[in-house]
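Single-letter residue listing:
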Amino acid sequence: TGSNKKIDLQRTSLDVYSADNKYENEYYGKFLQIISIENEPILSFLYLYQVFEILIESVLVNKLTKLLEKVKHGAASARDFDTYLHNNAEINRLSKICESSGIMQSQYAEDLNNECNEYLMRQGQEKVAVPYGMYHVRNQIVHRFRLFLNEAKAIKEINESLEMFILELLINYKMPNN
């Protein structure tokens with residue numbers, strides 16, 4: 001950040017994880033501190049969601065790298081890439097990340113899902129489970145941004161729950177080994 005108040009989000013390496021494969025709280029602590037000063041709820045949501053984007057991408061890169069090694073040694077084929085990508089769409093990777101952290105049944109997950117579902121139901125959508133509500137809100141913001149201009153209060157409430165959910169996720173998350 002600088003005096004122009006821009007946030008430059010960059011993909012990081014696994015350096016944000018310590019030797020025991022847990023996140024390094026200093027990195028994410030700084031990230032969340034920067035996010036907390038953003039006044040626009042829609043931008044805050046998008047910034048917060050970047051934590052998931054980073055994890056989703058890391059999981060994908062990790063798995064594809066391992067598959068590539070298997071292909072090089074004759075233990076897998078190109079078809080395995082197709083199968084993995086077909087069975088592991090972004091929402092599926094997000095769900096696995098949340099499940100692997102063991103927080104899907106937490107109070108924070110429930111609060112976030114309630115906030116997301118309240119918003120989605122006002123938009124004529126059906127209730128969904130964790131983390132699909134958050135993912136659908138994200139899709140609505142990205143693909144139907146113009147509809148969110150009058151939803152600042154709802155998005156702010158979602159953000160409050162999302163921040164707590166992210167903190168719990170980061171405390172409990174471990175990068176998958178497979």
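Think of each chain on its own: its residues are numbered from 1, step by step along the sequence as written. In view of the model being predicted, local features appear only for residues whose pLDDT reaches at least 70, and side-chain atom pairs are presented and counted only at 80 or more, with totals across whole chains, interfaces and linings using the full set of residues. Water and hydrogen atoms play no part in the side-chain values, which are based on all heavy atoms of the structure.

**Student:** When you look at the packing of aromatic side chains in this model, what are you seeing that I'm missing?
**Tutor:** The geometry of an aromatic ring pair is captured by two quantities: the separation of the ring centres and the angle between the planes. Only centres within 6.5 Å qualify two rings of Phe, Tyr or Trp (six-membered ring in Trp) as a pair; their planes then separate them into stacked at under 30 degrees, edge-to-face at over 60, and tilted for everything else. On inspection of all chains with the given rule, the structure shows three aromatic pairs. Ring centres 5.6 Å apart and planes at 40° place the aromatic pair Tyr-49 and Phe-52 in the tilted group. Taken as a pair, Tyr-49 and Phe-52 lie in helix α2 (residues 41–72) at a separation of three residues, close to a single helical turn. Exposure class is identical for Tyr-49 and Phe-52. Each is buried. Ring pairing ties together the aromatic residues Phe-45, Tyr-49, Phe-52 and Phe-165, which thus form one cluster. Secondary structure elements follow DSSP: runs of H or I of four or more residues count as helices, runs of E of two or more count as strands, with numbering from the N terminus. The buried label goes to any residue with under 20% of its type's maximum accessible area, the exposed label to any with over 50%, and the partly exposed label to all in between, with areas taken from a 1.4 Å probe on protein chains only.

**Student:** Just to check I follow, could you spell out the pattern of salt bridges for this structure?
**Tutor:** The term salt bridge refers to a pairing of a side-chain nitrogen on Lys or Arg with a carboxyl oxygen on Asp or Glu at a separation within 4 Å. Counting across every chain of the model gives four salt bridges. A salt bridge links Glu-53 to Arg-138, with the shortest nitrogen-to-oxygen separation between them at 3.5 Å. Taken together, the residues span a long stretch of sequence, with Glu-53 in helix α2 and Arg-138 in helix α6 (residues 132–143) at a distance of 85 residues. Taken individually, Glu-53 and Arg-138 each receive the classification buried, so the pair is uniform in this respect. As a salt-bridge pair, Lys-153 and Glu-157 come within 3.0 Å of each other at their nearest N and O atoms. With a gap of four residues between them, Lys-153 and Glu-157 both fall in helix α7 (residues 152–172), about one helical turn apart. For Lys-153, a relative accessible area of 63% gives the class exposed. You can call Glu-157 partly exposed: its relative accessible area is 27%.

**Student:** Can you help me understand the nonpolar core in this one?
**Tutor:** General note: in soluble globular proteins, nonpolar side chains tend to be found buried as a group. To define a nonpolar core, start from buried Ala, Val, Leu, Ile, Met, Phe, Trp, Tyr and Cys residues and group those joined through side-chain atoms within 4.5 Å. The biggest cluster of nonpolar side chains holds 42 residues, and the ones touching the most others in it are Phe-45, Phe-52, Leu-94, Met-134, Val-137 and Phe-165. Listed by contribution, the elements that provide at least two residues to this core are α1 (25–36), α2, α4 (90–100), α5 (107–122), α6 and α7. Those residues within four positions of Phe-165 in sequence are excluded, and the remaining contacts are Phe-52, Cys-98, Ile-103, Tyr-108, Ala-109, Leu-112, Val-130 and Met-134. Any pair of residues with heavy atoms lying within 4.5 Å of one another is described as a contacting pair.

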